[in-house]
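Here are the chains, one letter per residue:
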Amino acid sequence: MSLSKPASSSSATTTEIVDPTKSRFSLTLPQTYGYLTIVQAGSAIVFSTFLVTHLSAAILANFGGVELANKALVLGRVYYQNSLLEPIIVFGSLWVHITSGVAKRGIRLFWRKLRKEDSRKLTGEVNEKIEKIVTDETNDKGQVVRQKITTKTTTTITPSYISRAVAFLLPLHSLTGYLLIPVVVSHYAVNRIIPRRYLGDSSLIDITYVTLALKRWPKSTYLGFTLLLGLAAYHVASGAPAAFQVISGSISLKKNKDRAAIASDQAKKRQNSIRNGALTTSLGLVASGLLVIGGIIGRGNINIPLRAEYLRIYEHIYPQSWVR
């Protein structure tokens, strides 16, 4: 009886580099998330052109009173109440900004809760290397009798221009954005929808429409403006640096990650200083402008030509006698 000799084994290792995240036929979730971030940032920049124009009336009231504020309001309406531009720069950009943000939140929840993936993979640059190790098992004659294939995956995540931009956001950025939705809708209803219903054209109202509300119902009106301006200031101051970083990053797509990361740290410190200064200055100017429009600062006796018409409108906004 003869016994078969045991087979000997020898290893022959080959390495194959594969990038499994690339797809020729469909977008991955991280790619979709990245495109949505670019769309959200772009729509925010478009909407900011309306916001700056709209707030300029209150700011200019500090320098020329209600008369100058009215002129700024009329000139601003030429831009943002234009029948061609308003659906794009106001309603369109705001709708795109909100819907893209909601879509991104849905992707984040799915990514973290259901797929239980590292959240950094959504915004960072992911490189996965799959190393295929082939081990040959041979007999005593050196003949290969079988092959054993094992794989080893190495994943590295490096910051991208999107993840560096997200670092500029303040902690309550998303929350203030969602809280702004009902506040902005209320502001639009009071200043556009209801006046158009009773006057036929909302452009007939001017700054004195706000003056009357600030004088007749000071507590509720100042509270409403404080809520609107406070939330908007925080959200804009938080998101503006990030939006510009996303747009500039999507255009340039810097290759040197180390230099980009250093530049991002330096830019973050610089942007924080600019943000704090701009936030304080703009809030102060708008707040003092409202005090001028309300007659608390400067000339207290402000003429309101359409007082009777405005009062009829406000009867539908402040129907309760306890609102002051």
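Residues numbered from 1 in each chain as written. Predicted model: local features only at pLDDT ≥ 70, side-chain atom pairs only at ≥ 80, totals over all residues. Heavy atoms only, no water.

Draft legend 1. Just the overall build of the protein chain, in detail. Of the regular secondary structure elements, the protein chain holds nine helices and three strands. Tracing the protein chain from N to C terminus, the helices and strands come up as β-α-α-α-β-β-α-α-α-α-α-α. Among the 324 residues that make up the protein chain, the fraction classed as buried is 33%. Long-range pairs, those at least 24 residues apart, make up 78% of the contacts in the protein chain between residues at least 6 apart in sequence. With an accessible surface of roughly 19600 Å², the protein chain has 62% of that area assigned to carbon and sulfur atoms. (Helix = DSSP H or I, 4+ residues; strand = E, 2+ residues; numbered from the N terminus. Buried < 20%, exposed > 50% of the residue type's maximum accessible area, 1.4 Å probe, protein only. Contact = heavy atoms within 4.5 Å. Areas by Shrake-Rupley, 256 points an atom, 1.4 Å probe, with all protein chains shown as cover.)

Draft legend 2. Region of interest: the packing of helix α1 (residues 29-80) against helix α7 (residues 218-252). Put simply, α1 and α7 touch, their axes get as near as 9 Å, and they point 130 degrees apart. Between α1 and α7, the angle is such that the two are oblique. In this structure, α1 crosses over α7, and the sense of that crossing is left-handed. Here T37, I38, A41, G42, I45, L51 and L55 of α1 lie close against α7, whose contacting residues are L229, V236, A243, F244, V246, I247 and S250. Residue composition of the contact of α1 with α7, by class: eleven nonpolar, three polar and no charged. (Axes fitted to C-alpha atoms, helices over the stretch in contact; angles between N-to-C directions. Parallel < 35°, antiparallel > 145°, perpendicular 65-115°, else oblique. Left-handed = near helix turned anticlockwise from the far one by under 90°. Nonpolar A, V, L, I, M, F, W, Y, C, P; charged D, E, K, R; others polar.)

Draft legend 3. Expanded view of helix α6 (residues 207-216). Counting buried positions over the ten residues of α6 gives eight, a clear majority of the element. Taken together, the buried positions of α6 are occupied by I207, T208, Y209, V210, T211, L212, A213 and L214.

Draft legend 4. Expanded view of the packing of aromatic side chains. Inspection of every chain in the model, using the stated rule, returns six aromatic pairs. Judged by centre distance (4.7 Å) and plane angle (15 degrees), the rings of Y209 and Y314 are stacked. In this pair, Y209 is assigned in helix α6 and Y314 in helix α9 (residues 307-314), connecting sequence segments 105 residues apart. Summarising the burial analysis for this pair, Y209 and Y314 share the class buried. Judged by centre distance (5.0 Å) and plane angle (55 degrees), the ring pair of W217 and Y314 falls under tilted. Taken together, the residues W217 in the loop between α6 and α7 and Y314 in helix α9 connect sequence positions 97 residues apart. (Phe/Tyr/Trp six-rings, centres within 6.5 Å; stacked < 30°, edge-to-face > 60°.)

Draft legend 5. Spatial organisation of the side chain of S202. Checked against the element boundaries, S202 lands in the loop between α5 (173-199) and α6. Each residue touching S202, except ones within four places of it in the same chain, is listed here: R77, N191, R192, P195 and R196.

Draft legend 6. Summary view of the pattern of salt bridges. Counted according to the given criterion, the structure contains one salt bridge. We note a salt bridge from R192 to E86, for which the minimum N-O separation is 2.8 Å. Here the residue R192 occupies a position in helix α5, and E86 occupies one in helix α2 (residues 86-114), the gap between them amounting to 106 residues. Comparing R192 with E86, the two get one shared label, buried. (Salt bridge = Lys/Arg side-chain N within 4 Å of Asp/Glu carboxyl O.)

Draft legend 7. Fine view of the environment of F63. Positionally, F63 belongs in helix α1. Separated by 226 residues in sequence, F63 and G289 have C-alpha atoms that sit 8.8 Å apart. Filtering out sequence-adjacent residues up to four positions away, F63 remains in contact with L68 and L285.

Draft legend 8. The arrangement of α5 in detail. In this model, α5 (27 residues) spans 37 Å end to end at C-alpha, consistent with the 39 Å of a helix rising 1.5 Å per residue. At A189, α5 is bent by approximately 45 degrees, the largest bend along its length. The set of residues buried in α5 consists of H173, T176, G177, L180, V183, N191, R192, I194 and P195. In the stretch just after α5, G200 is the one whose phi turns positive, near 90 degrees. (Expected span 1.5 Å × (residues − 1). Bend = angle between axes of the 7 residues up to and from the residue.)

Draft legend 9. Inspection of the side chain of S238 at higher detail. In this structure, S238 sits in helix α7. With sequence-adjacent residues up to four places away left out, S238 is seen in contact with F168, L169, L170, H173 and R275.

Draft legend 10. Quick peek at a positive patch on the surface. A contiguous patch of positive charge on the surface is contributed by R105, R112, K113 and K116. With respect to the helices, strands and loops of the structure, K116 is situated in the loop between α2 and α3 (120-123). (Patch = residues over 30% accessible without salt bridge, like charges linked within 9 Å, V, L, I, M, F, W, Y side chains within 5 Å. Lys, Arg positive; Asp, Glu negative; His and termini not counted. Charge placed at Lys NZ, Arg CZ, Asp CG, Glu CD.)

Draft legend 11. Layout of the nonpolar core. Counting 23 residues, the largest nonpolar core has Y80, V90, I207, L214 and I293 as the members making the most contacts within it. Listed by contribution, the elements that provide at least two residues to this core are α1, α2, α6, α7 and α8 (257-293). Considering each element in turn, this core owes the most residues, ten residues, to α1. Other than its neighbours up to four places away in sequence, Y80 contacts F50, T53, H54, L73, E86, I89 and V90. Residues L212, I304, Y310 and I313 belong to the second largest nonpolar core, which totals twelve residues. (Core = buried A, V, L, I, M, F, W, Y, C linked by side-chain atoms within 4.5 Å.)

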